[in-house]
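# Remarks on the overall topology
Chain by chain, the residues:
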Amino acid sequence: MVEIVLGTALAALGAGIAVGFAGLGSGLGQGMAAAGSVGAVAEDGDMFARGIIFSALCETQAIYGFLIAILLLVFSGLLGGKPIDNIAIGIVAIGAGAAVGFAGLGSGMGQGIVAGSSVGAIVENEDMFARGIIFSALPETQAIYGFLIAILLMVFGNILG
Amino acid sequence: MAEDIATLISQLNIDPQVFMVFLIVALMIVGAVVVVVASRPILDVYPYLNPIAKVRARKGRLLDDKQMSEILESNNIEEFSSYLRGLPDYAPYLAEYPIEKSLDVHMADTYKFISTIVPNEVKDSFDVLATKVDIANIKALLTAKEVGYSNEETSNLLLPSGSLYNDLDRLVDANSVNDVIAGLDGTEYGDILADAIPKYEEEGSLLPFSNALDKYYLHKLLHSTKVPGNDNTKAIYSYIGTQVDMDNLKLIIRAKADGLDYDALSPYLISEGYQLREWKLKDLMESDSVEGVISSLDGTKYAEILQEPLSRYNNGESISVFENALDSYFADYSHSLSLEKPLGVGPIIGFLSGKEREIKNLKIIARAKREEGFPEAKIQEMLV
């Protein structure tokens, strides 16, 4: 049994925020994209593959959150390694989790709306596929910012390394 | 840094563990607020995504300009029919019914399809739109009984759709108009039709039934839209309200062309509208001619639309120029509404009005193609 010190507990909170909020955004987004895709497939069976692509796009936010959470758990001593005995580093871990979590929440929801709408546009006009992908990829940037900042916080906040 | 925080906490006389609990609770509250605020727009959009994809799939299959001109160029009704047989949306219907009926059944199924898939907040309005089929079937049945059609001919007139179809099909062997109305007792149309019997017996025409049904339908349609609460209900309110105004206007213009006065016209008009409120409708009904109606419309969006048809009407063209102008305006207006709310009711309105326009145009072309040598340019003019 790992002895949990306060810094580790804070890092665990950060991991929870990271995967929780990013997963929430990703789930909502994927739900919307899938709802649109199901409607499209009901009318046109050929839309199945394209519907899957648009639904899968919204998975990335959850992956970013999951990665940050795993890193936090590994480097905070929860999954082996040295526990964080410094409260300040624990707070930095919360910051890292919040960065990727909230960015993933907004990005996932935005991407879900665009992806759901793109599926509707493609089922009406097949030529919209490439443009739909481009528009759907745009809200990904916010999640990437959150992910990068989370990594930077962990690197320069003495969590990684 | 850590010492600074620890000093700060100790200066506040708070136990570090209590501080952490506060911090966590504060974070959870912030998170909850963020989730609630961020989810609001999602909750508005989410119910529409599935229906939007379904209607956009069908919208993509609406006939484009090239296909319409190919249909227009068909040499006769057989060519027209075989063209439609090549289209997946129309082929199953044409395999089962004659052309006009197949178009009507297809439209009836479209109303039914839309009322099945739309979200609850706008469902009432689309349910009422779907009752158009019941009203058309009742009118057809009454006409068949008045004219004395055989049971088979009567049955062929009915569209196999709508909530009343089974009841109406059972009434095919009724002996008279009054028997049909008695058979509809207990349905929502029973009392309305029964109330129109004295007038029918007095005038010897089915017009009182037809007008009573139309009036009831428009009243129900207008009241199916709740007070606009959000952009979707607002759009549907405009769509339905404009449709009611259009129908009221068509009725008034037709009545004035026939020389009917206020007393003759007012029982058939619903005394409310969207842009044309009660006082305005009264004003229009009191006009003594078609020109009077158009000039009374000054200040409304309809005045401009009807100016050009008025000069064509004055040059000897039929009353249908006004109806075509109003239909075209309604189709354009619906299209603009459909662009206003792309992640809401917009695409549904856009598809439905596009399909109505398509069916209307196909019926016009079908009628024209039955007549040998009917000029294409003339058909083009008649299209919405």
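Here we summarise the structure given alongside this text. Only a predicted model underlies this, so the values are computations on that prediction, with no experimental measurement involved.

## Let's talk about the overall build of chain A
A tally of helices and strands in chain A yields 6 helices and 0 strands. Order of helices (α) and strands (β) in chain A, N terminus to C terminus: α-α-α-α-α-α. Overall size of chain A, expressed as C-alpha extent along the three principal axes, is 60 × 30 × 20 Å. Scored against the burial criterion, the 161 residues of chain A give a buried share of 47%. Long-range contacts, defined as pairs at least 24 residues apart, comprise 86% of the intrachain contacts of chain A with a sequence gap of at least 6. As presented, chain A carries roughly 6700 Å² of accessible surface, and 73% of it is formed by carbon and sulfur atoms.

## Side note on the overall build of chain B
Looking only at helices and strands, chain B features 22 helices and 0 strands. Against the 2.2 N^0.38 benchmark of 21 Å for 384 residues, chain B shows a C-alpha radius of gyration of 27 Å, more extended than a compact globule. In chain B, the share of contacts with a sequence separation of at least 24, taken over all contacts with a separation of at least 6, comes to 64%. Only carbon and sulfur atoms are counted for the fraction: they give 53% of the accessible area of chain B, which is about 18600 Å². One way to put it: in chain B the 37 positive side-chain charges average out to a point 3 Å from where the 60 negative ones average out.

## Structural notes on the interface of chain B and chain A
Contacts between the two partners involve 26 residues from chain B, matched on the other side by 30 residues from chain A. Buried surface at the junction of chain B and chain A, both sides included, amounts to about 2400 Å², of which 78% is carbon and sulfur. Where chain B meets chain A, there are 4 salt bridges. Among the salt bridges present, the one from R61 of chain B reaches E43 of chain A, with a minimum N-O distance of 3.5 Å. Between chain B and chain A we count 6 residue pairs in polar contact (both at pLDDT 80 or more) in total. Put simply, the parts of the chain that give the side of chain B that touches chain A at least two residues each are α1 (2-11) and α2 (16-59) of chain B. At 19 residues, the largest contribution of residues to the side of chain B that touches chain A is made by α2 of chain B. Residue composition of the side of chain B that touches chain A, grouped by class: 17 nonpolar, 4 polar and 5 charged.

## Focus: a nonpolar patch on the surface
The grouping of V19, F66, I70, V74, F75 and L79 of chain A at the surface amounts to a nonpolar patch, some 490 Å² of accessible area in total. With respect to the element layout, F66 of chain A can be found in helix α3 (residues 60-75).

## Describing the pattern of salt bridges
Residues and elements named next belong to chain B. A full pass over the atoms with the stated rule returns 22 salt bridges over all chains. The shortest N-O distance in the salt bridge between D167 and R170 comes to 2.7 Å. Within this pair, D167 and its partner R170 are both found in helix α10 (residues 165-170), separated by 3 residues, close to a single helical turn.

## Quick look at the nonpolar core
Of all hydrophobic cores here, the largest spans 106 residues; its most connected members are F126 and F209 of chain B. Among the elements that line this core, the one with the most residues is helix α15 (residues 231-257) of chain B, at 11 residues. Setting aside chain neighbours within four positions, we find F209 of chain B in contact with L142, V177, I181, L193, A196, I197 and Y200 of chain B. Core analysis: the second largest hydrophobic core is formed by 18 residues, A69, I89, A96 and V100 of chain A among them.

## Things to note about the side chain of E356 of chain B
Among the structural elements, E356 of chain B can be located in helix α21 (residues 346-370). Those residues in contact with E356 of chain B that lie beyond four places of it in its chain are M107, Y111, K132, Y239 and F330 of chain B.

## Comments concerning the packing of aromatic side chains
Residue and element names in this part refer to chain B. Counting across every chain of the model gives 9 aromatic pairs over all chains. Summarising the aromatic geometry, the rings of Y189 and Y216 are spaced 5.6 Å apart at their centres and angled 80° between planes, so their arrangement reads as edge-to-face. Taken together, the positions of Y189 in the loop between α11 (177-183) and α12 (190-195) and Y216 in helix α14 (residues 207-224) put the pair 27 residues apart, joining distant regions of the chain. Judged by centre distance (5.2 Å) and plane angle (55°), the ring pair of Y313 and F322 falls under tilted. On the accessibility criterion, F322 (1% relative accessible area) is buried. What links up through ring pairs into an aromatic cluster is the set Y302, Y329 and Y333.

Scoring rules and cut-offs
Residues numbered from 1 in each chain as written. Chains lettered and ligands numbered in written order. Predicted model: local features only at pLDDT ≥ 70, side-chain atom pairs only at ≥ 80, totals over all residues. Heavy atoms only, no water. Helix = DSSP H or I, 4+ residues; strand = E, 2+ residues; numbered from the N terminus. Buried < 20%, exposed > 50% of the residue type's maximum accessible area, 1.4 Å probe, protein only. Contact = heavy atoms within 4.5 Å. Areas by Shrake-Rupley, 256 points an atom, 1.4 Å probe, with all protein chains shown as cover. Rg over C-alpha atoms; globule rule 2.2 N^0.38 Å. Lys, Arg positive; Asp, Glu negative; His and termini not counted. Charge placed at Lys NZ, Arg CZ, Asp CG, Glu CD. Buried area = accessible area lost by both parts, 1.4 Å probe. Salt bridge = Lys/Arg side-chain N within 4 Å of Asp/Glu carboxyl O. Polar contact = N/O pair within 3.5 Å; in protein donor to acceptor, adjacent residues only side chain to side chain. Nonpolar A, V, L, I, M, F, W, Y, C, P; charged D, E, K, R; others polar. Patch = residues over 30% accessible without salt bridge, like charges linked within 9 Å, V, L, I, M, F, W, Y side chains within 5 Å. Core = buried A, V, L, I, M, F, W, Y, C linked by side-chain atoms within 4.5 Å. Phe/Tyr/Trp six-rings, centres within 6.5 Å; stacked < 30°, edge-to-face > 60°.

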